Amino acid sequence: MKFIPATDRYIARLVFVPLIGTLVIASMLLLLEKMLRLFDFVATEGGPVSVVWRMLANLIPEYMSLGIPIGLLLGILLAFRRLATTSELDIFRAVGQGYLRLLRMPYVFAVTLALLNLGIVGFLQPVSRYLYEELRFELRSGALGASIKVGEFNNLGKNLTMRVDQSRNDGKSLTGMFVSAKSNNGQSIAVTAARGQFLRTDDPDTIILRLQDGTLIHDAPNYKNPRVLTFSNHDVPIPLPKIESFRGRGGSLDDNRELKIHELWQVGTNAKLPIERRNGAMANFHFRLVEVAMMLLLPLLALALAVPPKRSTSALGVFLSIIMVVTYHKVNEYAEDVGALGVIDPALALWVPFLFFAALILWMYHVIAHVPGGQPIGALEVVAAKTGKRLRKLLRFGRKRKLAGAEG
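Residues numbered from 1 in each chain as written. Predicted model: local features only at pLDDT ≥ 70, side-chain atom pairs only at ≥ 80, totals over all residues. Heavy atoms only, no water.

## A few points about the overall build of the protein
So, point 1. Assigned secondary structure in the protein consists of eleven helices and six strands.
So, point 2. When the 408 residues of the protein are sorted by exposure, 41% land in the buried category.
So, point 3. Look at the contacts in the protein between residues 6 or more apart in sequence, and 63% of them connect residues 24 or more apart. (Helix = DSSP H or I, 4+ residues; strand = E, 2+ residues; numbered from the N terminus. Buried < 20%, exposed > 50% of the residue type's maximum accessible area, 1.4 Å probe, protein only. Contact = heavy atoms within 4.5 Å.)

Below you can see the structure in the form of structure tokens.
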């Protein structure tokens, strides 16, 4: 670390802590919000709880790709805001270190994280999304071993119905059993048992339901009366339904998010494919590129919004930065949809908003760095300050009226 100038080490420390903190908090909030939905989905499908953690693990790359730009922006913004509010920024500039010099280490972070994000959205996220969809498919099809729902009639296969009063030890011990089964030749059995247990067999397509201490009623077309017997142990073979295999990655024609970035280019430039398929692939290809390219402009945006007016500690820039990044992301999503529909060329639909946003950021940086006393959001700062004063007056007036009413 000795070969890195002290100024760069100092700024790197200021950027690193809020960057990591923001990234972790944003990712955790997104995962927690999704986790509640996944628990509900898995419970509805009757699958094992452990699959929730596997599904959440496959969502981490997607949420990381969203959290990295926000973490980078807020990390740099909060670092320069601290420098500005403590007058350290004025000292740096007084000794001849301009904004471009101070942005050296933030750009190291920006380039590194942009390359990392390109690897995530270009190669890791498509695979993790496919694995996530595969788990959803297996849950719905029962390939993960759907559990028996207690207190309900469960259809296991075409001609088998079961009800369980209680389930213990994760389904290893069942009590209060009722089983009804029919065969193709018209025979049927109805069984009630005190206890039951599922057992594996050598045949992967069949499992055994071992019932204990119960009564069995057997009926057939050639029986005058159903036969009734009691038993201490009785095995019921249960054929497992055949499970359809999941499609290959990228097999969904209406979703290009499972394709890696080079595969998107191959699909988008393949003249043999339908134009709708090509437009969708190219729109998603350019969407990923502009999202990564914007990260290279975030240090300039963070600096422009970090420096408040003199003798002010306004945090308007922090609030505005989040709005701008989220708005740009939503604009890109809309542009991707428009490009996929073929209304506008996908490249124009995605890169024109990028160029407009880049021009806005460069203008804001020019104002803060090269215009004496320049403040790119100065007008908004004035409006925010006046609005804040009026709100404080209204609150004080409301308190006085409340106290006067209480005394009266």
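## Focus: the pairing of strand E2 (residues 160-168)
Residues in a regular strand point their side chains to alternate faces of the sheet.
So, point 1. Summarising the sheet, strand E1 (residues 153-155) and E2 pair through three bridges and their orientation is antiparallel. Counterpart to phenylalanine 153 in the pairing with E2 is arginine 163.
So, point 2. Here E2 runs beside strand E3 (residues 173-182); their pairing, made up of eight bridges, is antiparallel. When the sheet's bridge partners are listed, serine 167 is paired in E3 with leucine 174. (Pairing = 2+ DSSP bridges.)

## As for a nonpolar patch on the surface
So, point 1. On the surface, a nonpolar cluster with roughly 750 Å² of combined accessible area is contributed by Phe16, Val17, Ile20, Val24, Ile25, Met28, Leu29 and Leu32.
So, point 2. Note on placement: isoleucine 20 falls in helix H1 (residues 6-45). (Patch = residues over 30% accessible without salt bridge, like charges linked within 9 Å, V, L, I, M, F, W, Y side chains within 5 Å. Areas by Shrake-Rupley, 256 points an atom, 1.4 Å probe, with all protein chains shown as cover. Salt bridge = Lys/Arg side-chain N within 4 Å of Asp/Glu carboxyl O.)

## What to know about the pattern of salt bridges
So, point 1. Inspection of every chain in the model, using the stated rule, returns ten salt bridges.
So, point 2. Here glutamate 133 ties to arginine 129 by a salt bridge, and the two come within 4.0 Å at their closest N and O atoms. With glutamate 133 and arginine 129 both in helix H5 (residues 104-141) and four residues apart, the pair spans about one turn of that helix.
So, point 3. On the basis of relative accessible area, arginine 129 is assigned to the buried category, the value being 16%.

## Details of the packing of aromatic side chains
So, point 1. The final tally for this structure, using the stated rule, is four aromatic pairs.
So, point 2. Residues tryptophan 265 and phenylalanine 285 carry aromatic rings whose centres are separated by 5.4 Å and whose planes lie at 50° to one another, so their mutual orientation is tilted. Of this pair, tryptophan 265 sits in helix H6 (residues 261-268) while phenylalanine 285 sits in helix H7 (residues 275-294), placing them 20 residues apart in sequence.
So, point 3. A relative accessible area of 43% places tryptophan 265 in the partly exposed class.
So, point 4. Seen from their ring centres, tryptophan 351 and phenylalanine 354 are 5.2 Å apart, and the 80° between their planes marks the pair as edge-to-face. Remark: phenylalanine 354 and tryptophan 351 occur in helix H10 (residues 346-370); sequence separation between them is three residues, near one turn of the helix. (Phe/Tyr/Trp six-rings, centres within 6.5 Å; stacked < 30°, edge-to-face > 60°.)

## Re the environment of valine 318
So, point 1. If you trace the backbone, valine 318 turns up in helix H9 (residues 316-341).
So, point 2. Spatially, the C-alpha atom of valine 318 lies 7.0 Å from that of leucine 305, the residues being 13 residues apart in sequence.
So, point 3. Residues in contact with valine 318, not counting those within four places in the same chain, are Leu74, Leu77, Leu78 and Arg81.

## Some points on H7
So, point 1. The terminal C-alpha atoms of H7 lie 28 Å apart, and with 20 residues this matches the ideal 28 Å at 1.5 Å per residue to within 8%.
So, point 2. Burial analysis of H7 places 15 of its 20 residues in the buried class, the great majority of the element. (Expected span 1.5 Å × (residues − 1).)

## As for the sheet that holds E1
So, point 1. As summarised here, the arrangement of the six strands in space is E1-E2-E3-E4-E5-E6, forming an open sheet in which the pairing is antiparallel. Each having just a single partner strand, E1 and strand E6 (227-239) make up the two edges of the open sheet. Between one strand axis and the next, the sheet turns by 30° as a mean value, whatever way the strands run. (Axes fitted to C-alpha atoms, helices over the stretch in contact; angles between N-to-C directions.)

## Re the nonpolar core
So, point 1. Judged by nonpolar contacts, the single largest core of 62 residues is most densely connected at Leu72 and Phe80.
So, point 2. The element that contributes the greatest number of residues to this core is H10, accounting for ten residues.
So, point 3. Here leucine 72 is in contact with Leu19, Phe109, Ala110, Leu113, Met295 and Leu298, once residues within four sequence places are set aside.
So, point 4. Listed in part, the 15 residues of the second largest apolar core include Val164, Leu209, Leu211 and Phe231. (Core = buried A, V, L, I, M, F, W, Y, C linked by side-chain atoms within 4.5 Å.)

## A few points about the UniProt feature "transmembrane region" (unreviewed entry) in the protein
So, point 1. Per the UniProt entry, the sites bearing "transmembrane region" (unreviewed entry) are residues 12-32, 63-84, 105-124, 285-307 and 343-365 in this numbering.
So, point 2. Along residues 12-32 one finds 100% helix and 0% strand; the C-alpha atoms at either end are 30 Å apart.
So, point 3. In residues 105-124, helix accounts for 100% and strand for 0%; the two terminal C-alpha atoms are 27 Å from one another. (UniProt positions renumbered as here; feature names shortened; annotations may be inferred.)

## Some words on the side chain of asparagine 332
So, point 1. Positionally, asparagine 332 belongs in helix H9.
So, point 2. In contact with asparagine 332, other than residues within four places in its own chain, are Phe287, Val290, Glu291 and Leu350.

## Thoughts on a positive patch on the surface
So, point 1. The grouping of Lys389, Arg390, Arg392, Lys393, Arg396 and Arg399 at the surface amounts to a positive patch.
So, point 2. By relative accessible area, arginine 392 is classed as partly exposed at 46%. (Lys, Arg positive; Asp, Glu negative; His and termini not counted. Charge placed at Lys NZ, Arg CZ, Asp CG, Glu CD.)

## Remarks on the environment of arginine 82
So, point 1. By the element assignment, arginine 82 lies in helix H2 (residues 50-85).
So, point 2. A residue is classified by how much of its surface remains accessible, and arginine 82, at 46% relative accessible area, is partly exposed.
So, point 3. Taking the C-alpha atoms as reference points, arginine 82 and valine 307, 225 residues apart in sequence, are found 8.9 Å from one another.
So, point 4. Discounting residues that sit within four places of it in the chain, arginine 82 has contacts with Leu14 and Glu88.

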